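# Remarks on the overall topology
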Amino acid sequence: MPIPDFANEAIFPAFDGLPIEDAGAADPPSYAASSEPPSYVPPPPPDPPSYSDSQSSASAATTSLIDTAATTPAATSATAVVTTPKPSSHDAREEWFLVAEVRQNMTITKPTLVVVDRAGTEFAVTFEDRGIDLRPVRQGWTIVVPRAVRTAPKGGKRGFVRVPEGRGTGVKYVPGGLERIGELGVRVRGEEEEGDQGKGFRGRCAGCGSLEGEDGGALKSCTACGVARYCGKECQKEDWKTHKNDCKILKGMVNAWGL
């Protein structure tokens, strides 16, 4: 999976750059303007996690958003078949991801989120899987929809993104905003300015920027996110006041993209 690089519009297109469904689409869901829910404030983080000698990223456990206790809804009329055409600018892997920040949960009959992309375009993402439970998803989180397509504008209304039945579990959620995810993507790719400390989680200590461990061996990784590297425990403790806010975001990025 690609490390998030929002400058790459072929892999990370904004809403207007998404391919359009081939089949006819239902009217987009409407929602009334209302005051936004209060911002999500995460609980204070625990003490910094330990770190390991492993060079591989720790796998983040995927939290399923399928409500397994929900009963299966009655059969509904067949919906239009959705295809996912490849935009001409995509590479041979045929991968692209819609990345947008959650504004509101507007579920009424179908699971629906109102989101905004990096261009400031607000639109809806709806799920055909009625069993998807969006209650754990918070305002300010980021939704990642692989191979997303949008419906065509209709009746003067902007289109929306429809997640077909059976693909809802492939949608990921990162507990952080678009801006911070983009900044962390730069660090993971090692593209910070030469004078910045901790540049590139992969090759340098995230605390002091050292290329090797304090004992002359390899850098050690944070066992919580599996991404940040440290030369030793002292650097890890010193960096925790910064990393504690990014650790869950990085773990979500690992879950979404593999990094």
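Here the structure is a predicted model, which means the values were calculated and not measured.

## Examining the state of the cysteines
Going through the model one piece at a time under the given rule, you end up with 0 disulfides. Looking at the unpaired C205, the closest cysteine sulfur is the one in C235, lying at 3.8 Å. Note on C205: relative accessible area 0%, which makes it buried. Between C225, a cysteine without a disulfide, and C222, which holds the nearest cysteine sulfur, the sulfur-to-sulfur distance is 3.9 Å.

## Some details on the packing of helix α1 (residues 178–189) against helix α2 (residues 233–257)
Where α1 contacts α2, the axes come no closer than 11 Å and their chain directions differ by 75 degrees. Classified by the angle their axes make, α1 and α2 are roughly perpendicular. Together, R180, I181, L184, G185 and V188 of α1 and D246, I249, L250, M253 and W257 of α2 make up the contact between the two elements. In terms of residue class, the contact of α1 with α2 is built from 7 nonpolar, 1 polar and 2 charged.

## Remarks on the pattern of salt bridges
Pairing is possible between side chains of opposite charge, provided their charged atoms come close. Taken as a whole, this structure holds 9 salt bridges when the rule is applied. Close ionic contact of E128 with K110 constitutes a salt bridge, the shortest N to O distance being 3.1 Å. Taken together, the positions of E128 in the loop between β4 (122–127) and β5 (142–146) and K110 in the loop between β2 (97–105) and β3 (112–116) put the pair 18 residues apart, joining distant regions of the chain. According to the relative accessible area criterion, E128 is buried, its value standing at 13%. Of the residues examined, K110 reaches a relative accessible area of 23% and is grouped as partly exposed. Close ionic contact of E128 with R162 constitutes a salt bridge, the shortest N to O distance being 3.7 Å. With a gap of 34 residues between them, E128 in the loop between β4 and β5 and R162 in strand β6 (residues 161–163) connect regions that are remote in the sequence. Like R162, E128 is buried. Each of E21, K110, E128 and R162 takes part in salt bridges that share partners, so that together they form one network.

Rules and cut-offs
- Note that residues are indexed from 1 along each chain, following the sequence as it is written.
- Local features in a predicted model are, by the rule used here, given only for residues with pLDDT of at least 70; side-chain atom pairs are given and counted only at 80 or more, and totals for whole chains, interfaces and linings are based on all residues.
- The side-chain quantities take in all heavy atoms of the structure and omit both hydrogens and water.
- In what follows, a disulfide is any cysteine sulfur pair within 2.5 Å.
- Relative accessible area decides the class of each residue, using a 1.4 Å probe on protein chains only: under 20% of the type maximum gives buried, over 50% gives exposed, and in between gives partly exposed.
- Axis lines are fitted through C-alpha atoms, for helices just across the contact stretch, and the angle between N-to-C directions can take any value from 0 to 180 degrees.
- A run of DSSP states H or I qualifies as a helix once it reaches four residues; a run of E qualifies as a strand once it reaches two. Both are numbered from the N-terminal end.
- Just so you know how the angles are binned, under 35 degrees is roughly parallel, over 145 roughly antiparallel, 65 to 115 roughly perpendicular, and the rest oblique.
- In this description, contact between two residues means that some pair of their heavy atoms is separated by no more than 4.5 Å.
- Charged means Asp, Glu, Lys or Arg here, nonpolar means Ala, Val, Leu, Ile, Met, Phe, Trp, Tyr, Cys or Pro, and polar covers whatever is left, Gly included.
- Any carboxyl oxygen of Asp or Glu within 4 Å of a side-chain nitrogen of Lys or Arg constitutes a salt bridge here.

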